[in-house]
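Overview (structure and organization)
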Amino acid sequence: MKLHLLIFLIVSLQQWMFAKEPIALISKLRGAVQHKLVSEIKYRSKTQLDTPILSDSQIRTKNNAFSKVIYLDDGTAISMYPNTEINIKGSIVNRMIIKQVDLTNGIIRVNVANQISREFKLTTPYSELTCKECSFWVISDESNGDQFIKESGNAQVRN
């Protein structure tokens, strides 16, 4: 019994010590929003407000759902509208998060705060967008491809 407890304690401490740091937080929710970590097979059925988002987390919104994700370093925000799926990636270098978002399908609005070290990168199945400080909408679906609507800033789109 003591051996089982010791093994459990060692495994728990090891996971705590080597745990990834969150890079973002879910700041707004409405409706059915699900998320999963890269190591998980299934989406978690109920996402809660202030859920920490680790790198390679996938988030999807169902019908009549909305979610807003905010990066922890500079407040860059991603608003997700109904029937949208994204994969949030990031790595922490010198207390700054190198940001990348993969949009599988749906509608998002992105407000990128000034990126000091590297550019923000958004990829879709059809295009790639990079910028240092900008605000834009993306509508991505199989039948129409991608539509980008720039609100402010300078962004570069590659097909």
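Here's a quick rundown of the structure.

1. A few points about the overall build of the chain
Along the backbone of the chain there are one helix and eleven strands. Overall, the chain shows an N-to-C arrangement of helices and strands of α-β-β-β-β-β-β-β-β-β-β-β. A burial count over the chain gives 35% of its 159 residues as buried. Contacts in the chain between residues at least 24 apart in sequence constitute 45% of all its contacts with a sequence separation of at least 6.

2. Concerning the environment of arginine 109
Tracing the chain through its elements places arginine 109 in strand S8 (residues 96-112). Remark: the alpha-carbon pair of arginine 109 and valine 138, spanning 29 residues in sequence, is separated by 6.5 Å. Ignoring anything within four residues of it in the chain, the contact list for arginine 109 reads Ala77, Ile78, Ser79, Tyr81, Ser135, Phe136, Trp137 and Glu151. A polar atom in the side chain of arginine 109 sits 3.4 Å from the side chain of serine 135. In this structure the side chain of arginine 109 is engaged in a polar contact, spanning 2.8 Å, whose partner is the side chain of glutamate 151.

3. Quick notes on the packing of aromatic side chains
Counted under the stated rule, the structure contains two aromatic pairs. Each ring, one from phenylalanine 66 and one from tyrosine 81, has its centre 5.2 Å from the other, and the planes form 65°; the classification is edge-to-face. Taken together, the positions of phenylalanine 66 in strand S5 (residues 66-71) and tyrosine 81 in the loop between strand S6 (77-80) and strand S7 (85-93) put the pair 15 residues apart, joining distant regions of the chain. Among the residues examined, phenylalanine 66 registers a relative accessible area of 13% and is labelled buried. With relative accessibility at 24%, the residue tyrosine 81 sits in the partly exposed group.

4. Overview of the pattern of salt bridges
Scanning the model with the defined rule gives six salt bridges in all. Notably, a salt bridge pairs aspartate 102 with lysine 89, separated by 2.9 Å at the nearest N-O pair. On the criterion of sequence distance, the pair formed by aspartate 102 in strand S8 and lysine 89 in strand S7 is long-range, its members being 13 residues apart. The exposure class of aspartate 102 is buried, given its relative accessible area of 15%. Bridged by salt links that share partners, the residues Asp73, Asp74 and Lys99 form one connected network.

5. Re the environment of phenylalanine 136
Position of phenylalanine 136 relative to the elements: it lies in strand S10 (residues 128-141). In this structure, the C-alpha to C-alpha distance between phenylalanine 136 and glycine 153, residues 17 residues apart in sequence, is 8.7 Å. In contact with phenylalanine 136, other than residues within four places in its own chain, are Ile108, Arg109, Val110, Val112, Phe120, Leu122, Leu129, Cys131, Ile149, Lys150 and Glu151.

6. A look at the nonpolar core
Grouped together as the largest cluster of nonpolar side chains are 26 residues, with contacts concentrated most on Ile59, Ile86, Ile108, Leu122 and Phe136. Those elements giving two or more residues to this core turn out to be strand S1 (24-30), S5, S6, S7, S8, strand S9 (120-123) and S10. With six residues, S8 is the largest single contributor of residues to this core.

7. Notes on the side chain of serine 55
Looking at the element boundaries, serine 55 is found in the loop between strand S3 (52-53) and strand S4 (57-61). A relative accessible area of 16% means that serine 55 is categorised as buried. Polar contacts involving the side chain of serine 55 include one to the main-chain carbonyl oxygen of glycine 90, which spans 3.0 Å.

Quick notes on the rules
- Residues numbered from 1 in each chain as written.
- Predicted model: local features only at pLDDT ≥ 70, side-chain atom pairs only at ≥ 80, totals over all residues.
- Heavy atoms only, no water.
- Helix = DSSP H or I, 4+ residues; strand = E, 2+ residues; numbered from the N terminus.
- Buried < 20%, exposed > 50% of the residue type's maximum accessible area, 1.4 Å probe, protein only.
- Contact = heavy atoms within 4.5 Å.
- Polar contact = N/O pair within 3.5 Å; in protein donor to acceptor, adjacent residues only side chain to side chain.
- Phe/Tyr/Trp six-rings, centres within 6.5 Å; stacked < 30°, edge-to-face > 60°.
- Salt bridge = Lys/Arg side-chain N within 4 Å of Asp/Glu carboxyl O.
- Core = buried A, V, L, I, M, F, W, Y, C linked by side-chain atoms within 4.5 Å.

It is worth stressing that arrangement in space is one thing and function is another; only the former is reported here.
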